[in-house]
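Here is how the chains run, residue by residue.
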Amino acid sequence: MPLLSVKNLVLHYRTRKGLVLAVDNVSFDVERGQTLALVGESGCGKTSTASALLRMLPRNVGKYEGKVELDGTELMGLDDEKFRSDVRWRRISIVFQGAMNALSPMIPVGQQVAEPLMVHLEATKEEAFAKAEEAVKNVGLPGYIMKQYAHELSGGMKQRVVIAMALVMKPSIVILDEPTSALDVMTQANIMNLLKTLKRDESLSYIFITHDLGLSSELADAVAIMYAGRIVEIGPAENVLPNPQHPYTQKLLGSAPKLRSDEKPDSIPGAPPDLIKPPAGCRFHPRCPYAFDKCRVEDPPYFGERDRAACWLLEPGR
Amino acid sequence: MPGPEGAILVLDQVQTYFGLRQAMFKPRVFLKAVDGVSLAIQRGETLAVVGESGCGKTTLGRTAVRLIEPTGGRVLYDGQDITHTRQRDLMWLRRKTQIVPQDPYASANPAYTVFKILEEPLLVHRIGTPQEREDQVHSALEAVKMTPPEFFAQKFPHMLSGGQRQRVAVARSLILEPELIIADEPVSMLDASVRISILELMRQIQEERRVAFLYITHDLATAKHFSDRIGIMYAGKLVELGPVKAVLKEPLHPYTQALMAAIPDPDPQNRFRDLPALPGEPPRLIDPPTGCRFHPRCPIAQEGLCDVEEPALRELRPEHWVACHLAT
């Protein structure tokens, strides 16, 4: 049984122009100790999927439904208070994009790491600080930074603090939303190595949100490609990365300039669609070089066994 | 130094220091953002300058077109010394050099239409009649493939996507028909699928109009595909310089090697091994390490040499320069 099972997750936002279909029928499983990479361009619904899982929603939610089962508990049925006290941060936590720049400048970082322990577990200050120090050391930082302020730390150290915050309650699954997007390549490499070590040693599960397919391969056991609020392809990294089935995945891989090959990167014509009025049929069809009549009318289901892709080209018997 | 003859821009041992006072009554210290960089850009070529944030690459670009006055060394534009020329005597340079900024969301005046954004440089330099200016704006929009130009000219920046805004920024940099364009991280804010189209556009413009580009970036992979030569900067110094193919095929400086190793290509096997990553962080530019600035992080540094003596750039392969005592 998978650790996290998401079925037909929907999150729409109300705006003056109409409903934004940010997350539109998204389904995936995350196995225990494994990482699912959620890859796509900005505005495709990656971060909205994370907000939906953690139930951290803005006020203008138009529709929020689906089934989310975490280790046997159905989460969507829980009331907000129960979700806050028992699930969020305790069982599923998140490293937000750019969170290292959201650390409080006024409070020592150690206290910021310890805070959820005092709130959620009603731990005493001493217990909480002892556990926080353990968490800080666990991400490769020296204990003395507990007393330091955010401005005294480098970007890489702040990012480690933010990871320690996400891990301090010992959740079974952590969402990583572009955890290295503000960092230099060398610092990024060090953080990726840390995440790998934590995954291996503590059999953590991750949902790794990124726009970079190369970086996704550093953690991903499975890869899901999102486009315009939908998952267009999902499967084991061994299948999706070297042998993508969906034309969008192929184009996305082809558009990234590669350091170790002379293959010329190729841009994808056009731009991602407006999620208020997405195209009929397959949402990628206006940019797809292989689109035919059916693609413009009918929404494709998933085809394939291990590597599943929503594309009419893959329909058996075609 | 690497081929200054006939170069459009020559930097000769350029230093740009910023004076800082860390606290009242404390003596001023200097942040050595650019410290003795020499390079030359030929007409019509693209030189990429690659480095991590805070290595001085943006300051280098701004010094190269005298938006900042260097504290030492010389800047020559087309053979003319402009190191300490007064700003008001540099109007001719402002016409010949242009900048494509990093952030397409912050760099365009939100109250101006695309037409006004593009017309402004022409007005500043008092070029053409209104009809001629309109024609120039339209042809600049066509050059960046925003067609029909009449349609896009009347838009405001907020009506455009990030990629389209960056096309406007490129059009604006072209409208005065410059000889040199400084592109400072022109695509780092854009999505992968759009990024390549902007870089392709710049490459095409460069080939058609023989414009020279100084492409400033942290991204080795795009530098590889869109430039002729590449310079690697670390802590205010140029550590390696040469043809792109040569440098990336056989990086000679340990820093360049480490930088390349830290960038993963999509490969499902990656998750089973650690990325080779150097410990530590780039030094503070107020008190950089003695000797080679990279020695505290360098896997092959030799005591008594690298921590004492500063390595000079030397031409180890034809046209391929490196500043490392131990590179062979």
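Residues numbered from 1 in each chain as written. Chains lettered and ligands numbered in written order. Predicted model: local features only at pLDDT ≥ 70, side-chain atom pairs only at ≥ 80, totals over all residues.

J.: Which parts of the structure should I look at to understand the overall build of chain A?
T.: Counting its secondary structure elements, chain A contains 10 helices and 12 strands. A principal-axis box enclosing the C-alpha atoms of chain A has dimensions of 65 × 50 × 40 Å. Considering only intrachain contacts with a sequence separation of at least 6, the fraction spanning at least 24 residues in chain A is 63%. (Helix = DSSP H or I, 4+ residues; strand = E, 2+ residues; numbered from the N terminus. Contact = placed C-beta atoms within 7 Å.)

J.: Honestly, the overall build of chain B in this entry has me stumped. Any pointers?
T.: When helices and strands are counted, chain B shows 10 helices and 12 strands. Whereas a compact globule of 328 residues would reach a radius of gyration of roughly 20 Å, chain B reaches 21 Å, a difference of no more than 12%. If one aligns the C-alpha atoms of chain B with their principal axes, the spans along those axes are about 70 × 55 × 45 Å. Out of the 328 residues belonging to chain B, those deemed buried represent 45%. (Rg over C-alpha atoms; globule rule 2.2 N^0.38 Å. Buried ≥ 20, exposed ≤ 12 C-beta atoms within 10 Å, placed from the backbone.)

J.: When you look at the interface of chain A and chain B in this model, what are you seeing that I'm missing?
T.: As a measure of interface size, the accessible area lost when the parts come together is often cited. If you look at the interface, chain A gives 38 residues, while chain B gives 33 residues. Counting only elements with at least two residues in the side of chain A that touches chain B, the list comes to helix H6 (185–202), helix H7 (213–216), helix H8 (237–240) and helix H9 (247–255) of chain A. Take the side of chain A that touches chain B: its biggest share by element is 7 residues, from H6(A). Residue composition of the side of chain A that touches chain B, grouped by class: 19 nonpolar, 10 polar and 9 charged. (Nonpolar A, V, L, I, M, F, W, Y, C, P; charged D, E, K, R; others polar.)

J.: I'm lost on the packing of helix H3 (residues 109–120) of chain A against helix H4 (residues 125–138) of chain A in this one. Help?
T.: Packed helices, taken two at a time, are described by their axes: the angle between them and the distance between them. Residues and elements named next belong to chain A. The interhelical angle for the contact between H3 and H4, taken along N-to-C directions, is 120°, at an axis separation of 8 Å. Relative to H4, the element H3 is oriented oblique. Crossing of H3 over H4 shows right-handed handedness. Contacts between H3 and H4 involve Gly110, Val113, Ala114, Leu117 and Met118 from the former and Lys125, Ala128, Phe129, Lys131, Ala132, Glu133, Ala135 and Val136 from the latter. (Axes fitted to C-alpha atoms, helices over the stretch in contact; angles between N-to-C directions. Parallel < 35°, antiparallel > 145°, perpendicular 65-115°, else oblique. Left-handed = near helix turned anticlockwise from the far one by under 90°.)

J.: How do you make sense of the sheet that holds strand S12 (residues 320–322) of chain B when you look at a structure like this?
T.: Hydrogen bonds between backbone atoms are what pair the strands of a sheet, whose relative direction is either parallel or antiparallel. Residues and elements named next belong to chain B. Read from one edge to the other, the open sheet built from 8 strands follows the order S6-S7-S8-S3-S9-S10-S12-S11, with strand pairing classed as mixed. The open sheet has two edge strands with one neighbour each: strand S6 (97–100) and strand S11 (314–317). For this sheet, the mean angle separating the axes of adjacent strands, direction not counted, is 20°. As paired elements, strand S7 (residues 180–184) and strand S8 (residues 212–217) share 5 bridges and run parallel to each other. Looking across to S8, one finds that Asp184 is bridged to Ile216. Relative to the sheet, helix H1 (residues 57–64) contacts strand S3 (46–50), S7, S8 and strand S9 (229–234), its axis offset from that of S8 by approximately 155°. (Pairing = 2+ DSSP bridges.)

J.: For this particular structure, what's the right way to read the nonpolar core?
T.: One broad rule of soluble globular proteins: the nonpolar side chains tend to lie buried together. Core analysis: the biggest nonpolar cluster contains 186 residues, and A:Val113, A:Ala164, A:Val174, A:Val223, A:Ala224, A:Ile225 and B:Leu9 have the highest contact counts within it. Among the elements that make up this core, the one with the highest residue count is helix H5 (residues 155–167) of chain A (8 residues). Excluding anything up to four places from it in sequence, A:Ala224 contacts A:Phe28, A:Leu36, A:Ala37, A:Leu38, A:Ile231 and A:Ile234. (Core = buried A, V, L, I, M, F, W, Y, C linked by C-beta atoms within 7 Å.)

J.: Just checking my understanding: could you explain the packing of helix H6 (residues 162–174) of chain B against helix H7 (residues 192–209) of chain B for this structure?
T.: All names here are of chain B. Direction vectors running N to C along H6 and H7 enclose 15°, while the axes themselves pass 10 Å from each other. Classified by the interaxial angle, the pair formed by H6 and H7 is roughly parallel. In the crossing of H6 with H7, the sense of the turn from one axis to the other is right-handed. Judged by residue contacts, Gly162, Gly163, Gln166, Arg167, Val170 and Leu174 of H6 engage Val194, Ser197, Ile198, Leu201, Met202 and Ile205 from H7. In the contact of H6 with H7, the residues fall into 7 nonpolar, 4 polar and 1 charged.

J.: Can you help me understand H4(A) in this one?
T.: For an α-helix, the turn length of 3.6 residues means that residues three or four places apart are oriented alike. Residue and element names in this part refer to chain A. Its 14 residues give H4 an end-to-end C-alpha distance of 20 Å, which sits within 8% of 20 Å, the value for a rise of 1.5 Å per residue. If you check which residues of H4 are buried, you get Ala128, Ala132, Ala135 and Val136. Down the axis of H4, the buried set is contained in an arc of 100°. They therefore lie on one face. Turning to H4, the residues buried within the fold contact H3 and H5. Once H4 finishes, Gly140 follows within two positions and takes phi at roughly 85°, a positive value. (Expected span 1.5 Å × (residues − 1). Arc of directions from axis to C-beta.)

J.: Looking at this model, I keep getting lost on the environment of B:Arg62. Mind explaining?
T.: Residues and elements named next belong to chain B. Within the secondary structure, Arg62 is located in helix H1. The partly exposed category is assigned to Arg62, around which 18 C-beta atoms lie within 10 Å. Placed 37 residues apart in sequence, Arg62 and Ile99 show a C-alpha to C-alpha distance of 9.1 Å.

J.: Please explain the sheet that holds strand S5 (residues 80–81) of chain B as it appears in this structure.
T.: Residues and elements named next belong to chain B. Here we have 4 strands laid out as an open sheet, ordered S2-S1-S4-S5, and antiparallel in their pairing. Edge positions in the open sheet fall to strand S2 (29–42) and S5, since each of these has one partner strand only. Pairing of strand S1 (residues 7–20) with strand S4 (residues 72–77), which is carried by 5 bridges, proceeds in the antiparallel orientation. Within S4, the position partnered with Val10 by the bridge is Leu76.

J.: Can you help me understand the pairing of S9(B) in this one?
T.: For a regular strand, side-chain orientation follows a simple rule: the groups alternate between the two sheet faces. Residue and element names in this part refer to chain B. Most of S9 sits inside the fold, with 6 of its 6 residues counted as buried. The alternating pattern of S9 places Arg229, Gly231 and Met233 on one face and Ile230, Ile232 and Tyr234 on the opposite face, and all of these are buried. In terms of strand pairing, S9 meets strand S10 (residues 237–243) through 6 bridges, oriented antiparallel. Residue Ile230 lies in a different strand from S10, and its bridge partner there is Gly242. What sits between the antiparallel neighbours S9 and S10 is a turn of 2 residues, in which Ala235 has the positive phi angle 50°.

J.: It is not clear to me how unusual backbone geometry should be interpreted in this structure. Could you clarify?
T.: Of note, the amide linkage connecting B:Thr147 to B:Pro148 takes the cis form, showing an omega dihedral of -5°. When you line up the elements, B:Pro148 lands in the loop between helix H4 (130–143) and helix H5 (149–153). Positive phi values are uncommon outside glycine, yet A:Ala228 reaches one of about 50°. By secondary structure assignment, the location of A:Ala228 is in the loop between strand S9 (222–227) and strand S10 (230–236).

J.: Help me understand the confidence of the model for chain B, please; the structure alone is not making it clear to me.
T.: Should the pLDDT be low somewhere, the predicted coordinates at that spot are not to be read in detail. Overall, the predicted model of chain B reaches an average pLDDT of 92, with 98% of residues at or above 70. Scoring of the predicted complex yields 0.90 for pTM and 0.87 for ipTM. (pLDDT = per-residue confidence, 0-100.)

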